[in-house]
Structure formats: structure tokens, C-alpha cells
Amino acid sequence: MTFGGKGRAWKLALLTLGWAALIYFLVRSLNRLPSLDQWGRFLHGDAISAGLVFGACFLVCTALRTFRFGYLLRLSSPVPWSEITLAFPWLFMIGAITPLRLGEGLRAVWIRQHGGASIDAIGYWFAERWTDLIMLAAFALIGIVAAPAVAGLGLWAWLVAGSMIAGYFVLWLVARPVLGRLGEKLPVGADLSGRFLNALRYMDSPKVHGTVVGLTVAIWLILAFGFWVVLNAAFG
């Protein structure tokens, strides 16, 4: 077998393993869903309408996530929007159903296959997730303030959320140049660390940075509204 044949065999084996893992985690996820009897208790008029509203919110959020992903990706790689639109829902689904969202790593593979750099994908993913976590922390704070039963968690929640927000501002305004100089002195991985920080250079543009943050806020506000509608119909 030639070297090229071995390469194709390895690629086929990895592809087969990836699909097997995806099917396994999908089946495990389906087994955790409510039974038909449990679904039946909520399938009344109001719940169906609420489910449709949530579905519409989720589709809108998926479209916004796709645009955010493509907006960042096209800063460094001119991938056509048609390919981004077709690929992102699959990349997002695989990341969502794998433990610890390890499937998110496929973004880096997909971007490399389309002429981009994997390290850019990791930098963009890091920025997206950090802004997502800040929004989740904000929702947690709102919930703790509104629910006296968990008021004892308030201090810890404020500390965690405050640390995340402060860390974001430090990375944005101060730390990147410092980390870049430190990374240049690393005996191993200096190039990768520099390219990772370079992927965060979009923060220097108020327009691009504001667009990414604005999209993140919109995504989570729409999702929060969808969850509120469903929970209000089910338990209100």
C-alpha cells in the first residue's frame, strides 16, 4: 500500500470512529429525554404554542450563532457564506451532544479544510464561549437575586461573575500585549501562542468587537425569552 493509500485508510478510520462516537452520544442523549407519557402531560394547547415559540426562538438564535461564527471566521479566511451556513448547524450540534463539548474541536478541523488556520478557530471559539459564559453568569445573578431560597449563593455568584467580567476586560485592554511578549519567550509553542492571541485582535476594532458582543447578548436574550415562555406554560 502506498503512503497515499495509508493516508486515505487513516482518514476513513477516523471518519468512521467520529460517526460512531456521534451516533453513540446521540443515542445516549435520546435515552435521557422524557418518555412519551411525560410528554403527553404537557401536550395541551398552551404548551404546544409555547413549544412553537421556543422552536422559533431557537432557530433565530441558530441563525445568529451562524452569523457570529462566520463573521469572525471571515476576518481571516474568505470562506463562502453558503458553506458556513450549511456546516455550522452540524458543527454546533456535534459540540452540543459530546461530553464537555469536545466536539467543538471539529471547528478547527473544518476551518483548516477550507484554507483557514486551526489556531484562529480556537481563538474565535474561546472568545465566543467567554462572552457566552458572561451572559450565563448574568442570568444566574438575576435568578439568585429574584429567588430568596438561594440567596446564600449570592456572594459566590457575584465573585464568579465579577471575576469573569473583569478577566474579559483585562484580556481586552491590558493582557494581550503582555501575554504576547511572554509567549515570545516560550521555548516551545511561541508561534502558536502568538497566533492564538492574534486571533483575538478583532477586539481592537470597536465595530467588530461590538458586533460580536451585541450578537451574543441578542442570542441569550432570545433564548431566555423562549425558555420563559415554555416554563410559564408548563408550570405557570
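Higher on the page you've got the structure.
First things first, this report covers the structure right here in the doc. (Residues numbered from 1 in each chain as written. Predicted model: local features only at pLDDT ≥ 70, side-chain atom pairs only at ≥ 80, totals over all residues. Heavy atoms only, no water.)

1. Some points on the state of the cysteines
Turning to step 1, where the next piece is worked out: This structure, assessed with the given rule, holds zero disulfides.
Turning to step 2, where the next piece is worked out: Cysteine C61 remains unbridged, with the sulfur of C57 as its closest cysteine sulfur at 6.6 Å. (Disulfide = S-S within 2.5 Å.)

2. Considering the packing of helix α4 (residues 81-97) against helix α5 (residues 106-113)
If you want to describe how two helices pack, look at the angle between their axes and the distance between the axes.
Turning to step 1, where the next piece is worked out: Between α4 and α5, the least distance of the axes is 10 Å, while the angle of their chain directions is 155°. On the basis of the axis angle, α4 is roughly antiparallel to α5. Crossing hand, α4 versus α5: right-handed. Every residue of α5 that contacts α4 at E83, I84, A87, F88, L91 and I94 is listed here: L106, R107 and W110.
Turning to step 2, where the next piece is worked out: Looking at the contact of α4 with α5, its residues break down into seven nonpolar, no polar and two charged. (Axes fitted to C-alpha atoms, helices over the stretch in contact; angles between N-to-C directions. Helix = DSSP H or I, 4+ residues; strand = E, 2+ residues; numbered from the N terminus. Parallel < 35°, antiparallel > 145°, perpendicular 65-115°, else oblique. Left-handed = near helix turned anticlockwise from the far one by under 90°. Contact = heavy atoms within 4.5 Å. Nonpolar A, V, L, I, M, F, W, Y, C, P; charged D, E, K, R; others polar.)

3. Considering the nonpolar core
Turning to step 1, where the next piece is worked out: Counting 19 residues, the largest nonpolar core has W130, Y168, L171 and Y202 as its most contacted members.
Turning to step 2, where the next piece is worked out: Counting residues per element, the ones that place at least two in this core are α3 (45-73), α6 (118-146), α7 (154-184) and α9 (206-235).
Turning to step 3, where the next piece is worked out: Per-element accounting of this core gives the leading share, six residues, to α6.
Turning to step 4, where the next piece is worked out: Discounting residues that sit within four places of it in the chain, Y202 has contacts with L72, L75, A127, Y168, V208, H209 and V212.
Turning to step 5, where the next piece is worked out: Core analysis: the next-biggest nonpolar cluster, separate from the first, contains twelve residues, F69, V79, I84 and I111 among them. (Core = buried A, V, L, I, M, F, W, Y, C linked by side-chain atoms within 4.5 Å. Buried < 20%, exposed > 50% of the residue type's maximum accessible area, 1.4 Å probe, protein only.)

4. Description of the packing of aromatic side chains
Turning to step 1, where the next piece is worked out: A complete count under the given rule lists eleven aromatic pairs for this structure.
Turning to step 2, where the next piece is worked out: With 5.8 Å between their ring centres and 90° between their planes, W130 and Y168 make a pair best called edge-to-face. Taken as a pair, W130 in helix α6 and Y168 in helix α7 lie far apart in primary sequence, 38 residues in all.
Turning to step 3, where the next piece is worked out: Residue class for Y168 comes out buried when judged on its relative accessible area of 6%.
Turning to step 4, where the next piece is worked out: Here the aromatic residues F69, F88, F92 and W110 are joined through ring pairs into a cluster of three or more. (Phe/Tyr/Trp six-rings, centres within 6.5 Å; stacked < 30°, edge-to-face > 60°.)

5. What to know about the side chain of T216
Turning to step 1, where the next piece is worked out: Turning to its location among the elements, T216 is positioned in helix α9.
Turning to step 2, where the next piece is worked out: Within polar-contact distance, the side chain of T216 engages the backbone oxygen of V212 at 2.9 Å.
Turning to step 3, where the next piece is worked out: Those residues in contact with T216 that sit more than four places away from it in its chain are R68, T131, D132 and M135. (Polar contact = N/O pair within 3.5 Å; in protein donor to acceptor, adjacent residues only side chain to side chain.)

6. Focus: α5
Along an α-helix, residues three or four positions apart point the same way, because every turn accommodates 3.6 residues.
Turning to step 1, where the next piece is worked out: Regarding α5, the residues found buried are R107, A108, W110 and I111. All buried residues of α5 fall inside an arc of 165° around its axis, so they share one side.
Turning to step 2, where the next piece is worked out: Just past α5, the residue G115 takes up positive phi, approximately 85°. (Arc of directions from axis to C-beta.)

7. Structural notes on the environment of L171
Turning to step 1, where the next piece is worked out: Looking at the element boundaries, L171 is found in helix α7.
Turning to step 2, where the next piece is worked out: Measuring from C-alpha to C-alpha, the distance between L171 and M203 comes to 9.5 Å, with 32 residues separating the pair along the chain.

8. As for the pattern of salt bridges
Side chains bearing opposite charge may pair, as long as their charged atoms lie close to each other.
Turning to step 1, where the next piece is worked out: The final tally for this structure, using the stated rule, is five salt bridges.
Turning to step 2, where the next piece is worked out: Residues E128 and R107 are paired through a salt bridge, measuring 3.2 Å at the closest nitrogen-oxygen approach. Taken together, the residues E128 in helix α6 and R107 in helix α5 connect sequence positions 21 residues apart.
Turning to step 3, where the next piece is worked out: Using a relative accessible area of 1% as the deciding quantity, one classes E128 as buried. (Salt bridge = Lys/Arg side-chain N within 4 Å of Asp/Glu carboxyl O.)

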